[in-house]
Amino acid sequence: MEVLNSRMILRPGDHDRSVRFYRDVLGLAVCREFPGGTVFFLGQGYLEVSGQGDQGPSPDQVLWLQVRDLRATFDELREQAVTVLAEPEHKPWGLHEGWIADPDGLRIVLVEVPADHPIRRDTRGD
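Since we're looking at a predicted model, the values are computed, not measured.

Caption draft 1: How the structure looks around the nonpolar core. Counting residues in hydrophobic clusters, the biggest one holds 20 residues, and the most contacted among them are Tyr22, Leu47, Leu63, Ile100, Ile108 and Leu110. Looking at this core, the elements with two or more residues in it are α1 (15-25), β3 (37-42), β4 (45-50), β5 (62-66), α2 (70-79) and β8 (107-112). Dropping the residues within four chain positions of it, Leu63 is found in contact with Met8, Tyr22, Leu42, Leu47, Leu106, Arg107, Ile108 and Val109. The next biggest cluster of nonpolar side chains, apart from the first, holds five residues, and it includes Trp99, Val109, Val111 and Val113.

Caption draft 2: Spotlight on the pattern of salt bridges. In this structure the tally under the stated criterion is six salt bridges. Two residues, Glu48 and Arg7, come together in a salt bridge whose shortest N-O distance is 2.7 Å. Taken together, the positions of Glu48 in strand β4 and Arg7 in strand β1 (residues 7-10) put the pair 41 residues apart, joining distant regions of the chain. In this structure, Glu87 engages Arg78 in a salt bridge whose closest nitrogen and oxygen atoms are separated by 2.2 Å. Each of Asp75, Arg78 and Glu87 takes part in one network of salt bridges that share partners.

Caption draft 3: Spatial organisation of α2. Leu70, Thr73, Phe74 and Leu77 are the residues of α2 that are buried. Buried residues in α2, looked at end-on, bunch into an arc of 100°, giving them a common side. Facing away from the buried side of α2, by more than 90 degrees, are the exposed residues Arg71, Glu76 and Glu79. Next to the buried residues of α2 lie α1, β6 (83-90), β7 (96-101) and β8. Capping the start of α2, Asp69 holds a side-chain oxygen 3.3 Å from the backbone nitrogen of Arg71, two or three residues further along. Phi turns positive one or two residues past the end of α2, at Ala81, with a value near 60°.

Cut-off values and rules
Residues numbered from 1 in each chain as written. Predicted model: local features only at pLDDT ≥ 70, side-chain atom pairs only at ≥ 80, totals over all residues. Heavy atoms only, no water. Core = buried A, V, L, I, M, F, W, Y, C linked by side-chain atoms within 4.5 Å. Buried < 20%, exposed > 50% of the residue type's maximum accessible area, 1.4 Å probe, protein only. Helix = DSSP H or I, 4+ residues; strand = E, 2+ residues; numbered from the N terminus. Contact = heavy atoms within 4.5 Å. Salt bridge = Lys/Arg side-chain N within 4 Å of Asp/Glu carboxyl O. Arc of directions from axis to C-beta. Polar contact = N/O pair within 3.5 Å; in protein donor to acceptor, adjacent residues only side chain to side chain.

If you want it as structure tokens, here you go:
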């Protein structure tokens, strides 16, 4: 299988509310809009908010977003009254993580990768 592109698709309870959250609160740039849907740039992938869900997100679903400065990001999100599920902290696996929720309760982990973390190191020469 050759994957050429990817995106996560959310079916929100309230489309307009979710678009406002991802566009205006998280500041994601819009890639394209179509009747009933909005696609956002999500780093190297995409997030599509389209259709309407009726059950809400599963607790097994998590959106992972890497940010440059976790503390500053949380300060900004608090000003926007975003639901904070867990304050930023250094995890045993070396990442700094904090958790928020979108308007439908989808859990979003915001991650800062420290400069010395293996994710940032080029291991091709090892």
